[in-house]
Amino acid sequence: MTLELFASHEPRRQPLAPGAAILRGFATTRADALLDAVDALVRHSPFRHLVTPGGHRMSVAMTNCGAWGWTSDTSGYRYRDEDPETGRPWPAMPPVFAALARDAAAELGFDDYAPDACLVNRYVPGSKLSMHQDLDEADAVAPIVSVSLGIGATFLWGGARRSDRAVAFDLSHGDVVVWGGASRHRFHGVRPIAEASHARTGRVRINLTFRRAR
Ligand code: MD6
Ligand code: FE
């Protein structure tokens, strides 16, 4: 066995800032199970295009699982304990989701991470997410864990202020980004997705974004 061969199978960590890193390939071995669970949960709470408080239809389609789900409409952003489209609770967090989130958070030293919300995002070529902060959660220290599946994306990692220069990172199927602690309120976004196809998802990127909301 060569060291090179061993290293190529070891997930790589790319530090971003204190409390933040990209874990390359961290979800790869669990990706099929994660995507199977997405297929199951969207049968209960389908993807939908939310409207921003400013009245714009988001290009990313979203749904949620877990106790709390993130929603947006013209009255603002908020977490709800039921899906406004179905009038029922959001689907339960699949165990494979909770385990992946906990394991990824632990890599950054966030022990016993127990997210109570998972926002599931569906991007197609052209979908984008403008620079923003995730500020709607009660816990300002527990990390966001963001899992990329399917076609690639360019993730923009900004600073504490909107005017801070952002750095671009390409994210691939199986990559996980964690940001918590001092980095929890950093600006971030996703550039318009390029045309591409993935063997499992087709022309789609699925992103799982875990949070401690309440
Ligand atoms: C990503 N997503 O898709 C990162 N934040 O890689 C987010 O940062 C995000 O998709 C808030 C609401 C929806 C999101
Ligand atoms: Fe975000």
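Bear in mind the structure is a predicted one, so any value in this text is a computation, not a measurement. Chains are numbered independently. Their residues run from 1 in the order of the written sequence. Here every chain gets a letter starting at A, and every ligand a number starting at 1, in the order they are written. Given that this is a predicted model, residues contribute local features only at a pLDDT of at least 70 and side-chain atom pairs are listed and counted only at 80 or more, while totals for whole chains, interfaces and linings are drawn from all residues. Neither water nor hydrogens contribute to the side-chain values; these are computed over all heavy atoms in the structure.

(A) Inspection of the coordination of the iron ion (ligand 2) at higher detail. Within the first shell, the iron ion (ligand 2) binds the protein through His 132 (NE2), Asp 134 (OD), Asp 134 (OD) and His 188 (NE2), at distances of 2.1 to 2.8 Å. Because the angles between the six donor atoms bound to the iron ion (ligand 2) fall within 49 to 176 degrees, the donor set is best described as irregular. We note that the donor set of the iron ion (ligand 2) lies within a single chain, spaced as H-x1-D-x53-H. Here His 132 matches Asp 134 in class, with each residue buried. Here a donor is an N, O or S atom found within 2.8 Å of the metal, or within 3.2 Å if the metal is Na, K or Ca; sites may look incomplete because water is not among the atoms. Angle rules define the geometry names used: all angles between 85 and 135 degrees makes four donors tetrahedral, while opposite donors over 155 degrees apart and all other angles between 65 and 115 make four donors square planar and six octahedral, leaving every other case irregular. Burial classes: relative accessible area under 20% of the type maximum marks a residue as buried, over 50% as exposed, and values in between as partly exposed (1.4 Å probe, protein chains only).

(B) Up close: the packing of helix 2 (residues 31–41) against helix 3 (residues 95–107). Contact geometry for helix 2 and helix 3: axes closest at 9 Å, N-to-C directions at 135 degrees. It follows that helix 2 is oblique to helix 3 by the angle criterion. For the crossing formed where helix 2 meets helix 3, the hand is left-handed. Contacts from Ala 33, Leu 34, Ala 37, Val 38 and Leu 41 of helix 2 reach helix 3 at Val 96, Phe 97 and Leu 100. Side-chain classes are defined by residue name, with Ala, Val, Leu, Ile, Met, Phe, Trp, Tyr, Cys and Pro counting as nonpolar, Asp, Glu, Lys and Arg as charged, and the others, Gly among them, as polar. Tallied by class, the residues present in the contact of helix 2 with helix 3 amount to eight nonpolar, no polar and no charged. Axis definition: a line fit to C-alpha positions, over the contact stretch in the case of helices; interaxial angles, taken between N-to-C directions, run 0 to 180 degrees. Only DSSP runs of H or I with at least four residues qualify as helices, and only runs of E with at least two residues qualify as strands; both kinds are numbered from the N terminus onward. Roughly parallel refers to an angle under 35 degrees, roughly antiparallel to one over 145, roughly perpendicular to one between 65 and 115, and oblique to any angle outside these ranges. Note: crossing handedness is left-handed where the near helix turns anticlockwise from the far helix by less than a right angle, and right-handed where it turns clockwise. Between two residues, a contact is recorded if the distance between any of their heavy atoms is within 4.5 Å.

(C) View of the site of ligand 1. Residues are labelled near a given molecule or strand when at least one of their non-hydrogen atoms is within 4 Å of it. Close to ligand 1 lie 13 residues; Asn 121, Tyr 123, His 132, His 188 and Arg 205 are nearest. A distance of 3.2 Å separates an oxygen atom of ligand 1 from a polar side-chain atom of Asn 207. Side-chain polar atom of Arg 211 to a nitrogen atom of ligand 1: 3.5 Å apart, as the coordinates give it. The fraction of the free accessible surface of ligand 1 (350 Å²) that becomes covered by protein chains is 97%. Breaking the shell around ligand 1 down by element, the ones donating at least two residues are strand 6 (117–123), strand 7 (129–132), strand 12 (188–190) and strand 13 (205–211). Of the residues belonging to the shell around ligand 1, the class tally is five nonpolar, five polar and three charged. In protein, a polar contact requires one atom able to donate a hydrogen and another able to accept it; more generally it is a pair of N or O atoms within 3.5 Å, and residues adjacent in sequence count only if both atoms are side-chain atoms. Note that accessible areas follow from Shrake-Rupley with a 1.4 Å probe, and for residues the cover is restricted to the protein chains shown.

(D) Representation of helix 2. For helix 2, the complete set of buried residues consists of Ala 31, Leu 34, Leu 35, Ala 37, Val 38 and Leu 41. Summarising the axial view, the buried residues of helix 2 lie within an arc of 155 degrees, below the 170-degree limit, and thus occupy one face. By arc we mean the arc of the directions from the helix axis to the C-beta atoms, nothing more.

Worth remembering: the numbers are spatial, not functional.
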